Amino acid sequence: MVQQRPRVVVSVEASVDGKVALAREALLMRQPSADLWGAMTPPAPDSVAIDVLEVVRQQYGCSAVLEGSGSLVAEDDILEQLPTYDGDPAGLYTHFLPAEITAQPSPPHMWFTVVDSRGRVRWTEKHPDWDVLVLVAQSTPADYLGYLREERICYLVVGDERVDLTQTVTAMGTELGVRCVLSTAGGGLNGALLRAGLIDELHVKLAPALVGGLGTPSVMDGPPLAVGDAPTRLQLVSAQTDSAGSVRLHYVVPRT
Ligand SMILES: NC(=O)c1ccc[n+]([C@@H]2O[C@H](COP(=O)([O-])OP(=O)(O)OC[C@H]3O[C@@H](n4cnc5c(N)ncnc54)[C@H](OP(=O)(O)O)[C@@H]3O)[C@@H](O)[C@H]2O)c1
């Protein structure tokens, strides 16, 4: 029997003009962007807000959330220096999946998966029932992989110059038994998933606001279509509005 790759569902919140942030370097997890972004969605007694993670956990047994490093680190951030790895770096470039972490049953165990071929994210928080899974490549600095091993943080080596997303999704299924991945990433990673033909489903919540700005991250960034290439068609599953002007859209990507 041919094993199916895990289902990939994208969930994103955007302004009506499709922006997913207020400006390129203004991460939503930081202030003042977090509050300004939240204020774009007025409260409503009939709010369209839903917990998409809970929906896909119930529906598909989703056990992994996917993020890009761009949600956690800005390009102009000054990163904390890591110690130099003083062992043989060759041994670092294989998956690091300690059994005491991977053997945890799901549910309740979940993966917080982050694409980070440049080794930019420093990990300081720990949450019950969640473990971090970093996606790296052969190009990732050895010092970073040494740091992940020292901290007992799982990683998959999937790709050469950068993370190969098709290989990633397949490896998450075969190595970790993941059946569904929920991407809550920004436009860079979601655009790359789109170009790799990996998106199966999309949940979008539109806030009644306009952000504007060339270069501000949008729902799907990444490389433009080549002339003559067709856009990805979507099939509507549901559409809802609330009395404060927010809209929730749910689509699937039909497979022909
Ligand atoms: N409104 C929302 O729902 C929402 C959700 C998430 C984030 N955001 C906001 O969106 C902004 C971040 O968006 P962003 O577009 O800058 O960052 P992003 O979506 O995190 O995109 C950058 C990430 O994608 C990876 N990537 C890009 N192209 C790739 C490719 N072809 N193959 C493999 N990996 C690829 C990069 O890899 P490397 O790290 O290896 O370079 C990096 O990890 C932040 O402001 C954040 O707050 C909004």
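Residues numbered from 1 in each chain as written. Predicted model: local features only at pLDDT ≥ 70, side-chain atom pairs only at ≥ 80, totals over all residues.

## Brief notes about the overall build of the chain
Operational definition: Elements are defined by DSSP. Helices are runs of H or I of four residues or more, strands are runs of E of two residues or more, and each kind is numbered from the N terminus. With C-alpha atoms as the basis for the radius of gyration, the globule rule is written as 2.2 Å multiplied by the number of residues raised to the power 0.38. Residue pairs qualify as contacts under a 7 Å threshold applied to their C-beta atoms, which are placed from the backbone.
Each helix and strand in the chain was counted, giving six helices and nine strands. For the chain, the C-alpha radius of gyration of 19 Å lies close to 18 Å, the compact-globule estimate for 256 residues. Residue pairs in contact within the chain that sit at least 24 positions apart in sequence constitute 72% of those at least 6 positions apart.

## Regarding the site of the ligand
Cut-off, in case you're wondering: To decide whether a residue is near a molecule or strand, its C-beta atom is placed from the backbone and checked for lying within 6 Å of it. For this classification, Asp, Glu, Lys and Arg are treated as charged, while Ala, Val, Leu, Ile, Met, Phe, Trp, Tyr, Cys and Pro are nonpolar and the rest, including Gly, are polar. Per the annotation, domain bounds derive from an automatic or database assignment of domains.
Around the ligand lies a shell of 28 residues, among which Gly68, Gly70, Ser117, Gly186 and Gly188 are the nearest. Secondary-structure elements contributing two or more residues to the shell around the ligand are strand 1 (7-15) and helix 6 (187-195). The element best represented in the shell around the ligand is helix 6, accounting for four residues. Among the residues making up the shell around the ligand, the classes are represented as 13 nonpolar, ten polar and five charged. A domain split of the shell around the ligand shows at least three residues from each of domain 1 (1-62 + 182-256) and domain 2 (64-74 + 83-178).

## Here's the deal with helix 5 (residues 165-176)
Using the following cut-off: Every helix has an expected span of 1.5 Å times one less than the residues it contains. Every C-beta atom is placed from the backbone, and the number of other C-beta atoms within 10 Å of a residue's own sets its class: buried at 20 or more, exposed at 12 or fewer, partly exposed in between. An arc is given here, and it is the one of the directions from the helix axis to the C-beta atoms.
Under the 1.5 Å per step criterion, the end-to-end length of helix 5 is 16 Å for twelve residues, consistent within 8% with the ideal 16 Å. Those residues of helix 5 that sit buried are Leu165, Thr168, Val169, Met172 and Leu176. Seen from one end, helix 5 has its buried residues packed into an arc of 95°, which puts them on one side.

## Brief notes about the UniProt feature "domain: Bacterial bifunctional deaminase-reductase C-terminal" (unreviewed entry) in the chain
Defined as follows: UniProt positions are given in the numbering used here, feature names are shortened, and annotations may be inferred rather than shown by experiment.
When the UniProt feature table is mapped onto this chain numbering, "domain: Bacterial bifunctional deaminase-reductase C-terminal" (unreviewed entry) sits at residues 6-245. Across residues 6-245, the secondary structure splits into 20% helix and 20% strand, with the terminal C-alpha atoms separated by 34 Å.

## Remarks on the nonpolar core
Rules: Joining buried Ala, Val, Leu, Ile, Met, Phe, Trp, Tyr and Cys residues through C-beta atoms within 7 Å gives a set, and that set is a nonpolar core.
One finds Ala64, Tyr155, Val181, Leu182 and Leu193 to be the most contacted residues of the largest nonpolar core, which totals 57 residues. Inspection of this core shows a minimum of three residues originating in each of domain 1 (1-62 + 182-256) and domain 2 (64-74 + 83-178). Leave out the neighbours within four places in its chain, and Val181 touches Pro6, Val8, Ala64, Leu66, Val169 and Met172.

## Thoughts on the environment of Asp143
Here Asp143 shows up in helix 4 (residues 142-150). Spatially, the C-alpha atoms of Asp143 and Ser183 are 27 Å apart, while their sequence positions differ by 40 residues.

## Notes on unusual backbone geometry
Cis geometry is adopted by the peptide bond preceding Pro107, which originates at Ser106 and carries an omega value of -5°. Mapped onto the elements of the fold, Pro107 is located in the loop between helix 3 (99-102) and strand 3 (110-115). A positive phi is found at Asp129, a non-glycine position, where the angle reads about 70°. Among the secondary structure elements, Asp129 is positioned in the loop between strand 3 and strand 4 (130-136). Even without glycine at this site, Arg152 takes up a positive phi of about 55°. Tracing the chain through its elements places Arg152 in the loop between helix 4 and strand 5 (154-157).

## Some thoughts on the environment of Gln167
You can see Gln167 is positioned in helix 5. Residue Gln167 is classed as partly exposed on the basis of its 16 C-beta neighbours within 10 Å. Note: C-alpha distance between Gln167 and Leu234 (67 residues apart in sequence) is 24 Å. Sequence-distant contacts of Gln167, that is, excluding residues within four places in its chain, are made with Val158 and Gly159.

## Points about the pairing of strand 8 (residues 235-241)
Operational definition: Strands are labelled as partners when DSSP assigns at least two bridges between them.
The element strand 8 is largely exposed, with a buried count of zero among its seven residues. Sheet topology places strand 8 next to strand 9 (residues 247-252); six bridges connect them, and they run antiparallel. Within the sheet, the bridge partner assigned to Gln240 lies in strand 9 and is Arg248. If you look at the hairpin formed by strand 8 and strand 9, you'll find five residues sitting between the two strands, and Gly245 has a positive phi there, around 100°.

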